[in-house]
Structure formats: structure tokens, C-alpha cells
Amino acid sequence: LNNYNLQNSNSNNFDYGADFSIDPTASTKLKLSYNPDFSDIPLDTVTDIYNLKYPNSLTENRYFFIQDFEAFNATNDLFYSRNIMQPQYAMKLNGNWDNFSFALLTSKDSKITDTYETSDSTSYTYTTNYDDLYNIIAFKPKNDVFSSEIALFSRSNAENENHNEVLHLKPIWEFAPGNSIWIKSNLSYLSDLADSKYGYNNAIGYNLDSNENSLSLDYEQISKDYRARMGLVYETNIESFKLDYSHRTSFNKFKIRKINSRFIFCSENSFDEHKYINRFISGSITSYTNYNFAVSLKSTVKDEFYINRFYDQYIVTLSGIWYNFGWFIPDFRFSKLKALVYNEEKCFDMYWLQGAISSEINKLSTSAVIRQHHPPFLHSVTINTIREPHMLSMYQ
């Protein structure tokens, strides 16, 4: 039992919480949590959010929403668990057998209010978080060549008389070793006091994975009225095509033992007008030598539509890392770039130089930046497409 107070909630005054876990069979797990105490969870990693086009998404660090969650087939665009701020209760059931797996989740959030006082001493109470009910049911049949993801996501609020459901269907056919074709269909329904809307997010793709080559091709459409309030959907009414190819070569010529290369192309268009709004091409090559030294050259060119106009951007990065020392690893990175700073609505030409030393002593990793130079107004640079699944970091 947990004995504590919810200081941030003005509507719930629970003093006690309880966690319960049981394995009914060897292949099923049941977890219940009532008024859970998240005071002992790891802190969020410090993240630079200065130059972001969309709000930052945080990695989940609450164990209840991490363990055994792969069975829910829930990517961030369908279920972003950080939307549940302080659950009143949560229940999770997982089962896994040879031919199928299933998962159930239900959780109700807490209603949190705050008070704002104006200069004339007038007080206003407003809601910062609603007591929404979250439900997921997922089922995944599978065999050696075929698997399918079937899931239903629901978020509702009885007081506000609104609810949103998304049906997720994704069959995957591995027709040859390392070769698979998949189809995804997310069908959404949103109902509130103002209106009711149906929408969809459909995609088709092909994946190849072998010892030397990796290839993924996919085409996606998101309708204007698609809604997935349990997840993170930043843009609708778009269609996109993406190609991602990697090649790995191992040989021993010119003192080079391995070369990895990668090519990415992505284009996003307005779905109703069929006009492109975002396009980028990226290429990289990394050479690993017999002297425990690796050198990499990366380049990305992008044309991005932002607030009624296009912005041409690029970055070229040369980096190297030396593995020749047992207790520390030096590396360097030099970049020439032209990047869009969103709050300025302007592109800036920049140079970026960074060097670092990392080490591992008694299994405790230590790292230190020994030299760094960058523009004072820009601490992170990204070239990213419209949605998170297609995000590409310019500077890593």
C-alpha cells in the first residue's frame, strides 16, 4: 500500500494506493494499480526543445506503462501513454501463446483543476486535465509466415459527452525469408457535442532485411478528419512516400574492413490538393578501418513548407571516432548547415564543431565534451518531416 497525497489534484483526495500483480497461468499476466504512486520513477532525460516544430514527446518511464506493452501494437501515434497524467486506477492483462497473443488495458485519469486570480482579485477555476477513460484491446494471431495486428483504442469522457475510437488493422505476410509485405488501416470515429467525424490512416509497405541489404518502402494516406486522441497526430490531410535503403559491405582492402551506406528519400504531399509540402533526400557512408578508426560522411537536403512558404535546408557532416584506446574513446564532428529556426521563420547558415571523449570505467560510463562551438541561439538542429514516424535527425 502507498500512503500519500495528490498535491496537484484538487478534485481527488485519495490517501492510499495499492498495486497488485498475479500470473494466472504461465502465459498470462494481470496487473492492477489503484491510485498509483509514481514518485519513485526515474526522472525524464533532459531534452533540448528550443527549435522544435511540434511539442516534444517524452519517453515513458512509468513501469506500469513500459512492461509487456509490446503486445498492444501501440506506437505513439495510436497510444501516447503520457497523455494519462495521474491515473485513478489502471488494469493490464497480457497473454501469449504459440499462435496468438492478446492484451487488455483500462485506465481512468484524474481530473485536475487550478485557480487563476486576476489583478482585481477575481478568481477563475479551470481544468488542466480531464478524468478521461482509456481502453485498449489487442489481439495478434501469428504463424511462421503470417501475422496480424488487431487493436481497438478508445478514449472517452462521460461528463463532456465525447469519445474517440480507432480500429487498428495490420496484416503482415513474410512471403520469403527476410521479405515481407504489410498493410495498415486505422479507422477513426470521433463524437462530441459539436460534431461526429469518421477518418482513416491507411498505408502499405514492403520490407527486406538480409545480411548485406535492408530496404523499406511505404506509402501512407491520412484523411482530413482522422483523429486519434489517445496518441500523437500532428498533421492530417497528407500523403507520403518513403524509401529507406542500407547496404553493408565487409572486405579487407586498403586497410578498410567494413563500409556501411544508407540512402533515404521521403516526400509528403497535401492529400486533397496533391501538392508536395515536405521533401528530403539523405545519404551517408561510414568506413571502419583496421586501425580501430571509423569515419563517416552524411548529407541531407530538404525543402520544407512552413507558414505559407518553402524553406531550402541542408546539412553536411564529417565525423570520426577512434576505438584504439581501451579506457576512453575520442570522437569529433564538423557540420556545415543551413537550417530553419521556426520561431524566427528564417534559415541560417552555420558551422558546427564538436569534440568529445567517452569512457567506461568499472562499468560506469563517463563522457565529457572537450571542445564545442555553435551559434548561441541554436542548441539543436533537426531536419524532420511532418510526422514523428518519419523523423530524421540532422545532428545526432
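Look up a bit, the structure's there.
The text that follows walks through the structure, step by step, so that each part is easy to find. Model, not experiment: these values are computed from the prediction. (Residues numbered from 1 in each chain as written. Predicted model: local features only at pLDDT ≥ 70, side-chain atom pairs only at ≥ 80, totals over all residues. Heavy atoms only, no water.)

Under the criterion given, the structure shown has nine salt bridges. Across the pair Arg62 and Glu60 runs a salt bridge whose closest N-O atoms are separated by 2.9 Å. Exposure remark for Arg62: the relative accessible area of 5% places this residue in the buried category. On the basis of relative accessibility, which here comes to 13%, the residue Glu60 falls in the buried class. In this structure, the salt-bridge partner of Arg262 is Asp244, at a minimum N-O distance of 2.5 Å. Of this pair, Arg262 sits in strand β15 (residues 256-270) while Asp244 sits in strand β14 (residues 238-253); the two residues are 18 residues apart in sequence, bridging distant segments of the chain. We classify Arg262 as partly exposed; its relative accessible area is 39%. Asp244 gets classed as buried once you look at its relative accessible area, which sits at 11%. Residues joined in a network through salt bridges with shared partners are Lys53, Lys302 and Glu304. (Salt bridge = Lys/Arg side-chain N within 4 Å of Asp/Glu carboxyl O. Buried < 20%, exposed > 50% of the residue type's maximum accessible area, 1.4 Å probe, protein only. Helix = DSSP H or I, 4+ residues; strand = E, 2+ residues; numbered from the N terminus.)

On to the packing of aromatic side chains. For the coordinates displayed, the defined rule picks out 17 aromatic pairs. A centroid spacing of 5.2 Å and a plane angle of 80 degrees characterise the contact between Phe64 and Phe65, whose relative ring orientation is edge-to-face. Classification of Phe64 as buried rests on a relative accessible area of 12%. The buried category is assigned to Phe65, whose relative accessible area is 5%. Measuring from ring centre to ring centre gives 5.6 Å for Phe100 and Phe139, while their planes differ by 40 degrees; the resulting arrangement is tilted. (Phe/Tyr/Trp six-rings, centres within 6.5 Å; stacked < 30°, edge-to-face > 60°.)

Here we come to the pairing of strand β17 (residues 293-305). When strand β16 (residues 276-289) meets β17, the two strands line up antiparallel, connected through eleven bridges. By the bridge assignment, Gly283 is partnered in β17 with Ser299. As paired elements, β17 and strand β18 (residues 310-322) share 13 bridges and run antiparallel to each other. Residue pairing in the sheet places Glu304 in a bridge with Tyr311 of β18. (Pairing = 2+ DSSP bridges.)

Negative phi is the rule for most residues except glycine; trans is the rule for most peptide bonds. Of note, the phi angle at Asn292 is positive, near 60 degrees, even though the residue is not glycine. Summarising the element assignment, Asn292 is placed in the loop between β16 and β17. Classification of Asn292 by relative accessible area gives partly exposed; the value is 33%.

With 24 residues, the main nonpolar core has Phe79, Leu105, Ile136 and Phe153 as its most contacted residues. Among the elements of the structure, β5 (100-109), β8 (133-141) and β9 (146-157) are those that each provide at least two residues to this core. With three residues, β8 is the largest single contributor of residues to this core. In this structure, Leu105 is in contact with Phe64, Phe69, Phe72, Phe79, Met91, Lys92, Tyr134, Asn135 and Ile136, ignoring residues within four places of it in sequence. (Core = buried A, V, L, I, M, F, W, Y, C linked by side-chain atoms within 4.5 Å. Contact = heavy atoms within 4.5 Å.)

Moving on, we get to the pairing of strand β3 (residues 28-34). Along any regular strand, the residues point their side chains to alternate faces of the sheet. Pairing of strand β2 (residues 16-25) with β3 involves six bridges; the strand directions are antiparallel. From the neighbouring strand, Phe20 faces β3, where its bridge partner is Leu32. Counted along the chain from β2 to the antiparallel partner β3, the turn is two residues long. Inspection of the sheet shows β3 paired to strand β4 (residues 87-96) by seven bridges, in the antiparallel sense. In the strand pairing of β4, Lys31 is matched with Lys92.

The next thing to look at is the environment of Ser101. One can find Ser101 in strand β5. Classification of Ser101 by relative accessible area gives buried; the value is 9%. Note: C-alpha distance between Ser101 and Phe72 (29 residues apart in sequence) is 9.4 Å.

This brings us to the side chain of Glu60. Topologically, Glu60 is positioned in the loop between β3 and β4. Side-chain polar atoms of Glu60 contact the side chain of Arg62, separated by 2.9 Å. Reaching out from Glu60, the side chain makes a polar contact with the side chain of Ser81 at a distance of 2.5 Å. Aside from chain neighbours lying at most four places away, what touches Glu60 is Phe65, Ile66, Ser81 and Arg82. (Polar contact = N/O pair within 3.5 Å; in protein donor to acceptor, adjacent residues only side chain to side chain.)

There is a patch of nonpolar side chains on the surface, built from Val145, Phe146, Trp173, Phe175, Ile181, Ile183, Ile204, Tyr219 and Phe241 and spanning about 790 Å² of accessible area. Of all elements in the fold, only β10 (162-176) and β11 (179-191) reach the threshold of two or more residues within the nonpolar patch. Here Ile183 is to be found in strand β11. (Patch = residues over 30% accessible without salt bridge, like charges linked within 9 Å, V, L, I, M, F, W, Y side chains within 5 Å. Areas by Shrake-Rupley, 256 points an atom, 1.4 Å probe, with all protein chains shown as cover.)

Structural measurements only, silent on function.
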